[in-house]
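Here is what each chain is made of, one letter per residue.
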Amino acid sequence: MSWAGWVDWVGLLSLLNAVLASGIVILSFALLIYIPIYSFRSRVARAFCALLACVLVVYFVDLAVANAPLQTALLWLRLQWLGIAFTPAAYLHLSDALLQTTNDRSRGRMGAVRLFYALSGLALLGATLTDLLVQDGLQEAGANHLRSGPHFWAFLLYFVVAVGWGGVNVARAWLRCLTSTSRRRMTYLAVAFVAPAVGIFPYLLITGWPAQLPGALFWFVLVLSNLAVGVMLLVMAYTVAFFGALTPDRVVKHRFVRFLLRGPVQAMAVVITVVAASRADGFLGLPAFRLALFGVVIAILLVQLGVELAKPLIDRMLYRRDRAEIAWLQSLSNRLLTTTDLHQFLENILTTMCDLLRASAAFVAVIDEDRVRLEVVCGPLEQADSLLPCLLYTSPSPRDS
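Residues numbered from 1 in each chain as written. Predicted model: local features only at pLDDT ≥ 70, side-chain atom pairs only at ≥ 80, totals over all residues. Heavy atoms only, no water.

**Here's the deal with the packing of helix α6 (residues 107-129) against helix α7 (residues 152-176)**
Axis separation between α6 and α7 bottoms out at 12 Å; the angle between their running directions is 155°. In terms of their interaxial angle, α6 and α7 are classed as roughly antiparallel. For the pair α6 and α7, the crossing hand works out as left-handed. Each of Arg109, Ala112, Phe116, Leu119, Ser120 and Ala123 in α6 lies in contact with α7, whose residues at this interface are Phe155, Tyr158, Ala162, Trp165, Asn169 and Arg172. Residue classes in the contact of α6 with α7 are distributed as eight nonpolar, two polar and two charged. (Axes fitted to C-alpha atoms, helices over the stretch in contact; angles between N-to-C directions. Helix = DSSP H or I, 4+ residues; strand = E, 2+ residues; numbered from the N terminus. Parallel < 35°, antiparallel > 145°, perpendicular 65-115°, else oblique. Left-handed = near helix turned anticlockwise from the far one by under 90°. Contact = heavy atoms within 4.5 Å. Nonpolar A, V, L, I, M, F, W, Y, C, P; charged D, E, K, R; others polar.)

**Section: the packing of aromatic side chains**
One pass over the structure, following the stated rule, counts 15 aromatic pairs. Measuring from centroid to centroid gives 4.9 Å for Tyr34 and Tyr38, while their planes differ by 50°, and the two rings are tilted. Taken together, the positions of Tyr34 and Tyr38, both in helix α2 (residues 9-39) and four residues apart, correspond to about one turn of that helix. We classify Tyr38 as partly exposed; its relative accessible area is 40%. Put simply, the rings of Trp81, Phe116, Phe152, Phe155, Tyr158, Phe159 and Trp165 touch in pairs and so form one group of aromatic residues. (Phe/Tyr/Trp six-rings, centres within 6.5 Å; stacked < 30°, edge-to-face > 60°. Buried < 20%, exposed > 50% of the residue type's maximum accessible area, 1.4 Å probe, protein only.)

**Description of the packing of helix α3 (residues 43-64) against helix α5 (residues 81-101)**
At a minimum axis distance of 8 Å, the contact between α3 and α5 shows a crossing angle of 160°. In terms of orientation, α3 lies roughly antiparallel with respect to α5. The handedness of the crossing between α3 and α5 is left-handed. For the contact of α3 with α5, the class distribution of residues is 16 nonpolar, five polar and one charged.

Any functional reading would require information beyond the geometric quantities listed.
Encoded structure:
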């Protein structure tokens, strides 16, 4: 039998899907913290945070109900509609904010955004308190999900109209961009616009999963979908970070990449380590808890070391046109000396000289006109004070020089 015959593809792909879903949760939560700190005044950033919150809720519930009994998952699956129901309104809100950046303002469109948020609230009530939109669920291909209710078609229509209208607004915003920079950024948003909706929409409610198709194919499609959602969220967040920014692009790029490497990337390394440790219980005679403990420590240290080692390469990628100037700016902090730095530097030299010359004391004095003051002293201060008159006597005066 070939190796493909004994590999548990469903288990392997479901594990990979859980890791990707964890990554999306981590990324969404991290961006939901990062973006308001630096771009809260931007309408685009606030609307994007609403969409991020929907993504966070949906994927967090997916992780919570993974491999859980169906009865336990039912309550969580209904609470998941907090993210599903408000996704259409968040899409329309984001597209309206993008149009406003091109000075296309419409009271009717703003009223429609408020109306869609109200409709989303009604959809949430219908999904959590009644069986109009969703009903008690089932498990197919190893995934728990609710069944569609008698009026689920209404939410489907609402979802398609909102996302489609948002896509039209984004296209209009792209056409209204007058500079190459703004059009490039709007292109990134337009390409990534639909991906979160694909990951959030409960497509299993429409058709279910055909029994004649293998379960591994379902998980493979889900893995590809989550991978696309993660990448597109990253692209959207990177683009949104520039809207309303009052700092140079270089600062925005460096700050964003540094946050990703020291935040989500490190968190993902910890998650992968914990998952691997739970699957390697008993390795080298150690329980999973100790393996996870050791692995997390190693993962954190390796990520930090990797970030430091990769910093020159990352800088070259981010600052392709100003490499020489950026290298000079980065080395500038190492060349600047404060008063304390100068004193510590001179003290280190005096300490080394005293040990080498077998002297018990040494000092550095500054002669300022007719005054002599001690700058740095190494050893007993009394010996340095006794030498100051001699130094003042033997030093030439400014008039003689």
